[in-house]
Amino acid sequence: MPREVDISNIERNFILQALEQDVRVDGRRLDQFRDLDLEFGLEYGTTTLRLGKTRVHVQISAEVTKPLEERKFEGIFTIVTELSPIASPAYEVGRFTEQEVILSRLLEKAIRRSNALDTESLCIIAGAKCWSIRADVHVLDSDGGLIDASCIAIVAALRHFRRPDVSVDGENVTIYTMAERVPVPLSMMHNPVCITFSFYHDGETVLLDATRSEEQVREAEMVLTVNDFELCQVAKLGGNAIDALVLLKCTSTALAKGKEINGFVAKKLAEDATKRDIGGLIAELRAENER
Amino acid sequence: MALTEPPKAILHTLLKADGSATYTAPKNGYQVVAGVNYPVEVPYRSDEIPESTFIEVNLRPHNGVGMVKERHMEELVTRTLQTIVLGDETPRTMLQITLQVVNVESDESLPGGVKGGGQGETYLDLLASALNAAVLGCVDAGVQMKAIAGAALVGICPDGRMVVGPSVVQRKKCASLHVFAFTSDSQTVLMESEGKFTMDDWKQAERAARSAVLGSVNKQDNGDVTMNGTNITSGSSGNCLLDVIRQALEARVIKGGNR
């Protein structure tokens with residue numbers, strides 16, 4: 001069975017000793033993210049995010065289905081994360097690794113269960129027809145920070161995505177093609193950002209955005225999800241105990257970082273919108289305009 | 001008939017995989033990222049081949065999970081690669097190829113977001129791109145091969161016109177679709193057809209695909225092709241698929257040499 005290469009003792013000690021002096025192997029500050037880059041595809045909802053050497057591709061798609069029996073007034077939103085051998089030969093097709101389960105559950109908790117996407121706005125006819133939005137997360141290169149990268153990429157892709165416009169006339173539903181009517185953006189309630197903190201030396205050293213090798217030597221990790229205003233989610237899955245004061249400090253760091261990242265995503269989205277807005281016609285074609 | 005717009009190929013687009021490539025079909029069509037791990041241990045002993053390399057291909061659609069159609073394409077790509085890869089160089093190991101579709105061409109006249117690639121629809125359009133991406137990935141990973149292979153998609157319009165690498169709208173109008181793959185020594189290694197066509201149509205499509213893949217190769221007497229870059233830009237063959245692969249490799253090698 002191909003396995004992920006375990007970090008050698010020499011490298012482990014080197015990273016830990018450097019961290020004792022507040023030095024990271026790649027020269028970053030302790031609370032510095034790697035270079036973030038966001039690319040949008042030609043399609044709406046196609047996003048590629050690079051966080052250092054980590055690369056995540058997200059594709060959003062929409063289709064009309066029947067809503068769930070117990071939730072007649074809501075649309076469906078699913079996040080699919082499947083790690084493939086493209087990122088590392090250790091990921092096998094059809095076999096869930098622990099990392100994969102943690103990744104998908106955390107994303108589910110941070111984005112879906114925090115109601116980032118307003119599922120009620122996806123309802124077309126209560127109990128009969130609704131939109132089903134699906135986010136496929138493809139990890140192309142994994143060098144640590146998968147949770148942070150995937151979360152930013154999904155939220156950016158959701159904000160980039162446009163679903164076809166629909167009109168309801170009694171029982172009849174008309175779905176307009178992209179050529180007939182300008183597609184409509186999804187209604188987002190808030191923009192969650194996951195920030196992973198890694199702890200070393202009994203919580204004395206706290207790192208943001210650890211690389212794969214830094215992840216391998218950490219004593220504990222904690223994932224905080226924040227939006228522009230508040231903390232949405234805390235996940236601390238095992239590892240050493242963390243002092244309450246450290247946690248509070250992490251929260252304020254996360255809030256500041258979250259704002260910074262959301263600002264970056266908004267800037268990239270605006271750049272993409274101007275690129276698409278050939279001749280300044282988009283404002284005229286808006287679905288909200290009077291016909 | 002050469003390709004009107006050549007496809008794009010870039011080698012080594014990923015960092016973790018042993019070899020990787022990004023292939024973009026002409027006219028903003030399919031974009032496939034290939035990641036190749038070679039040679040790796042075979043996960044199940046029963047798959048191990050004592051005298052050859054076990055080839056595993058995973059094709060992952062851009063949305064949804066792979067089903068029957070993807071499995072079928074994986075099988076076709078695997079079998080084509082088996083004919084060109086020198087498996088006995090690395091016996092008892094695995095050549096693992098993951099093909100990730102990252103972009104599809106959408107049909108704006110259809111309602112709904114990203115369309116195409118449904119289980120009921122044709123698989124031929126993606127097959128050519130998948131095979132080309134797989135071969136490029138193998139080239140980058142240093143897989144030892146007898147020859148390079150390339151595939152082309154040819155559509156035949158109802159009026160009998162041949163379209164090499166048809167766009168999504170053109171594909172819909174085509175009476176039949178064909179995929180042919182040839183090795184660099186002009187052997188046919190894959191042929192798949194769909195739709196209604198006559199034997200003459202098929203032969204014509206084969207010729208069209210052959211020139212799209214191989215071009216009019218200026219082979220030297222010893223069978224080698226000059227790689228100094230000058231005769232590619234000035235030559236008449238210009239933009240056939242093998243030239244694209246050659247250029248991608250040159251770009252990779254020269255970039256590597258400067259570092």
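Residues numbered from 1 in each chain as written. Chains lettered and ligands numbered in written order. Predicted model: local features only at pLDDT ≥ 70, side-chain atom pairs only at ≥ 80, totals over all residues.

Structural notes on the sheet that holds strand β13 (residues 220-226) of chain A
All names here are of chain A.
At step 1: Pairing is antiparallel in the open sheet, where four strands are placed in the order β12-β11-β13-β14. Every interior strand has two partners, whereas the edge strands, β12 (205-208) and β14 (231-235), have only one. Sheet twist, expressed as the average angle between the axes of neighbouring strands with direction ignored, equals 25°.
At step 2: Where β13 and β14 come together, four bridges link them in antiparallel fashion. (Pairing = 2+ DSSP bridges. Helix = DSSP H or I, 4+ residues; strand = E, 2+ residues; numbered from the N terminus. Axes fitted to C-alpha atoms, helices over the stretch in contact; angles between N-to-C directions.)

Side note on the nonpolar core
At step 1: Counting residues in hydrophobic clusters, the biggest one holds 134 residues, and the most contacted among them are I154 of chain A together with A130, A134, L136 and A152 of chain B.
At step 2: When residues of this core are assigned to their parent elements, the largest contribution, 13 residues, is made by helix α2 (residues 124-141) of chain B.
At step 3: Beyond its immediate chain neighbours, meaning those up to four positions away, L136 of chain B contacts A9, L11, A21, Y23, A34, I245 and A248 of chain B. (Core = buried A, V, L, I, M, F, W, Y, C linked by C-beta atoms within 7 Å. Buried ≥ 20, exposed ≤ 12 C-beta atoms within 10 Å, placed from the backbone. Contact = placed C-beta atoms within 7 Å.)

Considering the UniProt feature "domain: Exoribonuclease phosphorolytic" (unreviewed entry) in chain A
At step 1: In the numbering used here, UniProt assigns the "domain: Exoribonuclease phosphorolytic" (unreviewed entry) feature to residues 32-164 and 191-256 of chain A.
At step 2: Here residues 32-164 of chain A runs as 23% helix and 35% strand, with 39 Å between its end C-alpha atoms. (UniProt positions renumbered as here; feature names shortened; annotations may be inferred.)

Quick notes on the pairing of strand β3 (residues 54-65) of chain A
Residues and elements named next belong to chain A.
At step 1: With nine of its 12 residues buried, β3 lies for the most part within the structure.
At step 2: Linking strand β2 (residues 46-51) back to β3 in an antiparallel pair, the connection comprises two residues, with G52 at a positive phi of about 60°.
At step 3: In this sheet, strand β6 (residues 129-141) lies alongside β3 in antiparallel orientation, the contact comprising 11 bridges. The partner of V56 across the bridge, within β6, is V139.

Overview of the environment of P85 of chain A
At step 1: Considering the arrangement of structural elements, one finds P85 of chain A in the loop between β4 (76-81) and α2 (98-112).
At step 2: Residues P85 of chain A and D141 of chain A lie 56 residues apart in sequence; the distance between their C-alpha atoms is 9.8 Å.

Side note on the interface of chain B and chain A
At step 1: On the side of chain A, 35 residues touch chain B, which itself brings 28 residues to the contact.
At step 2: Of all the secondary-structure elements, those providing two or more residues to the side of chain B that touches chain A are β3 (31-41), β4 (54-60) and β5 (93-103) of chain B.

Thoughts on the confidence of the model for chain B
Residues and elements named next belong to chain B.
At step 1: When pLDDT is averaged across chain B, the result is 85; 82% of the residues are at 70 or more.
At step 2: Contacts for the low-pLDDT stretch residues 229-237, under 50 throughout, to residues beyond four places or in other chains number 13 contacts.
At step 3: Confidence metrics for the complex model read pTM 0.90 and ipTM 0.88. (pLDDT = per-residue confidence, 0-100.)

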